[in-house]
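Inside the fold
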Protein chains: 2
Amino acid sequence: MALPAEFGLIARHFAPLAGRGALGLGDDAALLDPPPGRTLVLAADAMVAGVHFLPDDPPETLGRKLLRVNLSDLAAMGAVPLAYLMTTAFPRGVTQDWIAAFAAGLAADQAEFGIELLGGDTVVTDGPATFSLTILGHVAPGAALRRVGARPGDEVWVSGSIGDGALGLLALTGRLPADVHLASRYRLPRPRVALGLRLAGLARAAMDVSDGLVQDLGHLARAAGCGAVIEAAAVPLSAPARAALAADPALLPRILAGGDDYELVFAADPADSARVRAAGAEAGVPVTRIGVFEAGEGVRVQNPAGDDVPLDVSGWSHF
Amino acid sequence: MALPAEFGLIARHFAPLAGRGALGLGDDAALLDPPPGRTLVLAADAMVAGVHFLPDDPPETLGRKLLRVNLSDLAAMGAVPLAYLMTTAFPRGVTQDWIAAFAAGLAADQAEFGIELLGGDTVVTDGPATFSLTILGHVAPGAALRRVGARPGDEVWVSGSIGDGALGLLALTGRLPADVHLASRYRLPRPRVALGLRLAGLARAAMDVSDGLVQDLGHLARAAGCGAVIEAAAVPLSAPARAALAADPALLPRILAGGDDYELVFAADPADSARVRAAGAEAGVPVTRIGVFEAGEGVRVQNPAGDDVPLDVSGWSHF
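Residues numbered from 1 in each chain as written. Chains lettered and ligands numbered in written order. Predicted model: local features only at pLDDT ≥ 70, side-chain atom pairs only at ≥ 80, totals over all residues. Heavy atoms only, no water.

Across its full length, chain A carries 10 helices and 11 strands. Reported as C-alpha extents along the three principal axes, the dimensions of chain A are approximately 75 × 50 × 35 Å. Every one of the 319 residues in chain A was classed for burial, and the buried ones make up 58%. Summarising the internal contacts of chain A: among those between residues at least 6 apart in sequence, 85% fall at separations of at least 24. A total accessible area of about 11,300 Å² is found for chain A, and carbon and sulfur atoms account for 54% of it. Charge-centre separation for chain A: the mean point of 24 positive side chains lies 4 Å from the mean point of 35 negative side chains. (Helix = DSSP H or I, 4+ residues; strand = E, 2+ residues; numbered from the N terminus. Buried < 20%, exposed > 50% of the residue type's maximum accessible area, 1.4 Å probe, protein only. Contact = heavy atoms within 4.5 Å. Areas by Shrake-Rupley, 256 points an atom, 1.4 Å probe, with all protein chains shown as cover. Lys, Arg positive; Asp, Glu negative; His and termini not counted. Charge placed at Lys NZ, Arg CZ, Asp CG, Glu CD.)

Rendered as structure tokens:
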């Protein structure tokens, strides 16, 4: 009796990604001996073609983007990446070459982030390609970074640069001139895992910026029962983002609220600013103080004159 | 700033399902202190409307089916269920009532199987509803049931009854007369968790029957480097399946190879048959000896006269 084609597909493309506990992807489940004395950190994200990525994005980047948005969740908790499980719903008629490229991207990121595939499921769909990934990491007990914990007077920090992902989407869809840096930032987020590890015990609250800086900072403020103010001029922009904003100042709301940044936004005691800068330097990631938590509620954005900037978009929502 | 609608949706429907480690579904990831000294068991399965379930299946059963097919993977490894993460891609325009019913089904099964939601993601899709679930369980180190381990001469056993799910799909799509039992077995598998726990250290190899008895038994035989023979007359059938087969003997291949059984098929030393029966009795699940592993390769099905029954289908495949 011949095996159905999916077994060959899994053996060819996904078994090489599998760690020891995956049992060659040939059992009903994987086995994992968790690191003794550590707390597991778990997150799951899904991506749908046409919603979370462009249908013509190269397959090499799709699995990597999915892995990286999940790694970004681990980074936000200050966790060490461990392993992942993934389910893939490929459109009927997907080619072996497409899947090979998808898997090659995952292999590259597994090496970069020191993580391995534990298991999953491969199915077909009559709809858009849909991927789901569950990631496992670990932290010392009680050491996880949380969204709750900021206090009025704490400084607001972000890693890297803001707005590149949202502008990259515009560039890839012809609404801004083509730009390799911005496109790459949309397709391949850079999860700040090394920084997150160094912020545990230092940042008072943290999360990753996936739905837009304003909305996500709002979560930190709400969890703290306070508000926050962002100094627009302090928000770190890449050179291409700065050029785009200079050419069209109306892009500011898109930069501050567009999403797909996968940077970390976090709160720190002003007395710890030198330690925060050192953590960024050790992790090889710029960190920038962009504002402060304050009494009240909501997130305000101030221009250099101290006036509030109106924002007409508030962040990504599915519903 | 108002929160996007998905936050209300998650708070209303999914937060009540969340366990303590889920942090109210309000952080980037969940925390879990794994049971000390135990090996984790992890599996992930996806379901797509029109492929794994009927688009008009009641929402109450869909989350439960997804949870149960994953619990069936834990059962096959002899694992204790612990927690799960789930991603849901709902079709645009899904109603609050639909999601409420979906979540109510999950709540019922969480209570039944002693498991809780740890996290996940809720998105929309322009395609069919697509769900993915990662389940975590645990076993004593080295005690997991595996697919490899059967030996020629071992007996082939199955739990429950075979073919109900495949016949249920026929009944729900008008190709067989409507039948409440068969429809229920298609929509709500009965994962044999209690039996799996009692088979650890007793069965030599095990897996769950999801892609059809013949194909899945073939996996156990292949892993053992041998073959297996099924006595067709010994395969346990429910009363509705027995009646359907009596009315149309051509249904036999569908019963033996149709899939969606979510029973356990396992190998045991003939000297252990009394212990196997006792395990079934303790778990409250019938167990039936249906054949034997033998030298050679492949799975044969024999009729009562000892002749091989030709099967023209070999099990479910996506590709």
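Moving on from the model shown.
What follows covers the pattern of salt bridges. Two side chains of opposite charge can pair, provided their charged atoms sit close to one another. Residue and element names in this part refer to chain B. Under the criterion given, the structure shown has 38 salt bridges over all chains. With a shortest N-O distance of 3.5 Å, Asp164 and Arg185 are connected by a salt bridge. Taken together, the residues Asp164 in helix H4 (residues 164–172) and Arg185 in helix H5 (residues 180–187) connect sequence positions 21 residues apart. Taken individually, Asp164 and Arg185 each receive the classification buried, so the pair is uniform in this respect. When the shortest N-O distance is used, the salt bridge between Arg300 and Glu294 registers 2.9 Å. (Salt bridge = Lys/Arg side-chain N within 4 Å of Asp/Glu carboxyl O.)

All names here are of chain B. Across its 19 residues, helix H2 (residues 59–77) extends 28 Å between first and last C-alpha, which sits within 8% of the 27 Å expected from 1.5 Å per residue. Burial within H2 is extensive, with 18 of its 19 residues counted as buried. Immediately beyond the C-terminal end of H2, within one or two residues, lies Gly78, with a positive phi of roughly 75°. (Expected span 1.5 Å × (residues − 1).)

All names here are of chain B. In this structure, Asn70 sits in helix H2. Owing to a relative accessible area of 0%, Asn70 belongs among the buried residues under this scheme. For the pair Asn70 and Ala44, spaced 26 residues apart in sequence, the C-alpha to C-alpha distance is 6.6 Å. If near-sequence neighbours (up to four positions away) are discounted, Asn70 is found in contact with Ala43, Ala44, Asp45, Leu133 and Ile135.

If you rotate chain B by 180° and push it 0.0 Å along the axis, it lands on chain A with an RMSD of 0.0 Å. Put plainly, the chains are arranged around a two-fold axis. Every residue of chain B has its C-alpha some distance from the rotation axis, and the shortest such distance is that of Gly127 of chain B, at 2.2 Å. Residue by residue, 100% of the interface of chain B is reproduced at the interface of chain A, so both copies engage with the same surface. (Least-squares fit on C-alpha atoms with pLDDT ≥ 70 in both.)

Moving on, we come to the nonpolar core. Judged by nonpolar contacts, the single largest core of 52 residues is most densely connected at Phe14, Tyr84, Met86, Ile135, Leu199 and Phe266 of chain B. Taken domain by domain, the makeup of this core includes at least three residues from each of domain 1 (5–139) and domain 2 (155–302) of chain B. Every residue in contact with Ile135 of chain B, bar those within four places of it in the chain, is listed here: Val41, Leu42, Ala43, Leu67, Asn70, Leu71, Leu74, Ala83, Tyr84 and Ile115 of chain B. Formed by 51 residues, the second largest nonpolar core is a distinct cluster that contains Met77, Met86, Ala144 and Ala268 of chain A. (Core = buried A, V, L, I, M, F, W, Y, C linked by side-chain atoms within 4.5 Å. Domains from an automatic or database assignment.)

What follows is about the UniProt feature "binding site: substrate" (unreviewed entry) in chain A. Residues and elements named next belong to chain A. The feature "binding site: substrate" (unreviewed entry), as given by UniProt, occupies His52, Asp260 and Trp316 in the numbering adopted here. With respect to the element layout, His52 can be found in the loop between strand E2 (39–48) and helix H2 (59–77). Among the residues examined, His52 registers a relative accessible area of 16% and is labelled buried. Residue Asp260 is classed as buried on the basis of its relative accessible area, which comes to 19%. Asp260 has contacts with Lys65, Gly165, Ala166, Arg185, Tyr186 and Ser210, leaving out every residue within four places of it along the chain. (UniProt positions renumbered as here; feature names shortened; annotations may be inferred.)

Quick look at the sheet that holds strand E7 (residues 205–209) of chain A now. All names here are of chain A. Taken in spatial order, the 6 strands of this open sheet run E7-E9-E6-E10-E8-E11, and their pairing is mixed. Taken across any chain shown, the strands that pair with only one partner, and hence form the sheet edges, are E7 and strand E11 (298–302). Neighbour-to-neighbour, the strand axes of this sheet turn through a mean angle of 25°, independent of strand direction. Across 5 bridges, E7 lies against strand E9 (residues 263–268) in antiparallel orientation. In the sheet register, Ala206 faces E9, and the bridge partner there is Phe266. Each of E7 and E9 is contacted by H2, which is oriented at about 170° to E7, the strand it contacts most. This element, helix H10 (residues 273–283), spans strand E6 (155–159), E9 and strand E10 (287–294) of the sheet and lies at about 5° to E6. (Pairing = 2+ DSSP bridges. Axes fitted to C-alpha atoms, helices over the stretch in contact; angles between N-to-C directions.)

For the rest of this paragraph, the subject is the pairing of strand E9 (residues 263–268) of chain B. All names here are of chain B. Among the 6 residues that make up E9, 6 are buried, leaving the element largely enclosed by the rest of the structure. Burial along E9 is two-sided: the face carrying Glu263, Val265 and Ala267 and the face carrying Leu264, Phe266 and Ala268 are both buried. Bridge count for strand E6 (residues 155–159) against E9 is 4 bridges, and the pairing is antiparallel. Residue Glu155 lies in a different strand from E9, and its bridge partner there is Ala268.

Before going further, it helps to examine the domain arrangement of chain A. All names here are of chain A. Along its sequence, chain A is organised into domain 1 (5–22 + 38–139) and domain 2 (155–302). If you average the C-alpha positions of domain 1 and of domain 2, the two centres end up 25 Å apart. Facing 21 residues of domain 1, the contacting portion of domain 2 comprises 19 residues. When the buried area of domain 1 at its contact with domain 2 is split by residue, Leu54, Lys65 and Arg68 rank highest and sum to 30% of it. (Buried area = accessible area lost by both parts, 1.4 Å probe.)

A separate point is the environment of Pro141 of chain A. Structurally, Pro141 of chain A is set in the loop between strand E5 (130–139) and E6. If we ignore the near neighbours within four places in the chain, the residues touching Pro141 of chain A are Gly37, Arg38 and Thr39 of chain A.

An α-helical segment advances 3.6 residues per turn. Residues three or four places apart therefore align on the same side. All names here are of chain A. Across its 18 residues, helix H3 (residues 96–113) extends 26 Å between first and last C-alpha, which sits within 8% of the 26 Å expected from 1.5 Å per residue. Of the positions making up H3, those classed as buried are Ile99, Ala101, Phe102, Ala103, Gly105, Leu106, Asp109, Gln110 and Phe113. Among the structural elements, helix H1 (5–14), H2, strand E3 (80–91), strand E4 (116–125) and E5 are those in contact with the buried residues of H3. Positive backbone phi, at 65°, marks Gly114, one or two positions downstream of H3.

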